[in-house]
Amino acid sequence: MKVKISEIAQLLGGIVEGNADAVVSKIAKIEEGSEGSLSFLANPAYAPHIYTSNATAIIVNQDFKAENSIKPTLIRVENAYLSFVKLLEYYKEVQMNKTGISEFAFISKSVKYGNDVYIGEFCFIGENVKIGNNTKIYPQTYIGDNCEIGDNTTIFPGVKIYSDNVIGNYCTIHAGAVLGADGFGFVPNSENNYKKITQIGNVVVEDYVEIGANTCIDRATLGSTTLKKGVKLDNLIQVAHNVSIGENTVMAAQVGISGSTKVGKNCMVGGQVGMAGHLVVEDEVKMAAQAGVASNVKKGSSILGSPAIPAVEFKRIFIHTRNIGKLVERINELEKKLEEIIKEK
């Protein structure tokens, strides 16, 4: 994609210093800039690179003052970092603006879809599926019967969405994710083996949710496993049957949530956290990486450790544990002195 610097400046509301007609075709770090590339300078630590950069154009703050001559054209904006983020979003939007339905996709006759959709090669779309406007479904995706997918949602290659699930608007589901597989439900029987509990619920994903690659979200036994508006899940996360995750909660990789646990809104969950089943985690809770959560957690708590306890308490215990060698030495010394005192008597 080739774009004039003047067009970028217009998009960002910036002022051009240099050749406004120059063309850029790629985005690069300021220290790796080359002919035809666009970069940005926001952190003063990187300022020396602007004088040696071979980038065609660099986005800078309005108050940037050059100490030496600069080869690249400058685009002065109010906030260089935020402007660069906006530009990345624009670049990604243009790059991924695919439309059309591949002749190699299998789409049931009962499927209903909106305008400007993209359905890639070797996708399978089951019976009675509804797909909204401007939604992108990349190759080798499976969507089972009776699913509903909203507007402006992107589903990357290899995603598997079982039947009866609901995906909202402006969602992103990354490659390899599985939504709606059976929850892990078995009951021991008289023959000393396990009888499977049929899972007939579904998964409901509300608007603006992002689900990372190879994350698994199980369908409910009854009712719905629910991801509320704005939830962000990293890669390789396991969400069990009947779990509910509240609005704008974020979770890092390898989190595991057992069945029927309810997580509140605006929570922050570190990597490899494990939560037992049937818990209630209230709003605005922070869980440090590898916390093992075995009981309910009150609103606003910060916890870590396994089993997880309040962060302040954990740190206090950790300090004492590190000093245990010194404490043992002190106890041994006190015992010797006590023995000497007893002998003297």
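Residues numbered from 1 in each chain as written. Predicted model: local features only at pLDDT ≥ 70, side-chain atom pairs only at ≥ 80, totals over all residues. Heavy atoms only, no water.

## Re the side chain of Thr215
Note the cut-off: Labels follow the DSSP assignment, with helices taken as runs of H or I lasting at least four residues and strands as runs of E lasting at least two, numbered in each case from the N terminus. For this analysis, a polar contact is any N or O atom pair within 3.5 Å, provided that within protein one partner can donate a hydrogen and the other can accept it, and provided that sequence-adjacent residues contribute only side-chain to side-chain pairs. Contacts are assigned to residue pairs that have any heavy atoms within 4.5 Å of one another.
Residue placement: Thr215 occurs in the loop between strand S25 (210–211) and strand S26 (216–218). Side-chain polar atoms of Thr215 contact the backbone nitrogen of Leu236, separated by 3.3 Å. Apart from residues lying up to four places away in sequence, Thr215 is in contact with Ala177, Val178, Leu233, Asp234, Asn235, Leu236 and Ile237.

## Quick notes on unusual backbone geometry
Put simply, Ser306 and Pro307 share a cis peptide bond, and its omega is 0°. Positionally, Pro307 belongs in the loop between strand S39 (302–304) and strand S40 (309–310). The residue Asn134 is not glycine, and still its phi comes out positive at about 60°. By the element assignment, Asn134 lies in the loop between strand S13 (130–131) and strand S14 (136–137). Unusually for a residue other than glycine, Ser260 sits at a positive phi of about 65°. On the secondary structure map, Ser260 appears in the loop between strand S32 (256–257) and strand S33 (262–263).

## Quick look at helix H2 (residues 80–95)
Heads up, the rule is: A helix is expected to span 1.5 Å for every residue after the first. Classification of residues uses two cut-offs on accessible area relative to the type maximum, computed with a 1.4 Å probe and protein chains only: under 20% is buried, over 50% is exposed, and between them is partly exposed. Starting at the helix axis, one direction is taken to each C-beta atom, and the arc is that of these directions.
With 16 residues, H2 extends 22 Å between its outermost C-alpha atoms, agreeing within 8% with the 22 Å of an ideal straight helix rising 1.5 Å per residue. Restricting attention to buried positions, one finds in H2 the residues Ala80, Ser83, Phe84 and Leu87. Projected onto a plane normal to the axis of H2, the buried residues spread over an arc of 100° and lie on a single side. Across from the buried face of H2, at angles greater than 90 degrees, the exposed residues are Leu82, Glu89 and Glu93. Of the surrounding secondary structure, the elements contacted by the buried residues of H2 are helix H1 (5–12), strand S4 (26–27), strand S5 (37–40), strand S6 (57–61) and strand S7 (73–77). At the N-terminal boundary of H2, the capping side chain belongs to Asn79, with an oxygen 3.1 Å from the backbone nitrogen of Tyr81.

## A closer look at the pairing of S5
Two faces belong to every sheet, and in a regular strand the side chains alternate between them. The cut-off we apply is this: Pairing between strands is defined by DSSP: at least two bridges between them are needed.
By the bridge criterion, two bridges tie S4 to S5 in an arrangement that is parallel. Of the residues in S5, the one forming a bridge with Ile27 is Leu38. Of the strand pairs in this sheet, S5 and S6 are connected by three bridges, and their pairing is parallel. Along S6, the bridge assignment pairs Phe40 with Ile59.

## Notes on the sheet that holds S14
Read across the sheet, 12 strands follow the order S8-S11-S14-S17-S20-S25-S28-S31-S34-S37-S39-S40 without closing on themselves; strand pairing throughout is mixed. Two strands close off the open sheet at either side, each with one partner strand: strand S8 (100–101) and S40. When strand S31 (residues 250–251) meets strand S34 (residues 268–269), the two strands line up parallel, connected through two bridges. Counted as the bridge partner of Val250 is Met268 from S34.

## Regarding the nonpolar core
Heads up, the condition is: We call a set of buried residues a nonpolar core when its members are Ala, Val, Leu, Ile, Met, Phe, Trp, Tyr or Cys and they connect through side-chain atoms within 4.5 Å of each other.
By size, the foremost hydrophobic cluster in this structure holds 49 residues, and its most contacted members are Met251 and Met275. Other than its neighbours up to four places away in sequence, Met275 contacts Met251, Gly256, Ile257, Ser258, Thr261, Val263, Val269, Val281, Met287 and Val293.

## Remarks on the sheet that holds S32
With parallel pairing, the 10 strands of this open sheet are ordered in space as S9-S12-S15-S18-S21-S26-S29-S32-S35-S38. Lying at the two open borders of the sheet, with one neighbouring strand each, are strand S9 (106–107) and strand S38 (292–293). Bridging between strand S21 (residues 178–181) and S26 involves three bridges; their strand directions are parallel. Residue pairing for S26: Leu179 is matched across the bridge by Ile217.

## Remarks on the environment of Ala311
Within the fold, Ala311 resides in helix H3 (residues 311–322). Taking C-alpha positions, Ala311 is 8.5 Å from Ala288, a pair spaced 23 residues apart along the chain. Ignoring anything within four residues of it in the chain, the contact list for Ala311 reads Ser302, Ile303 and Leu304.

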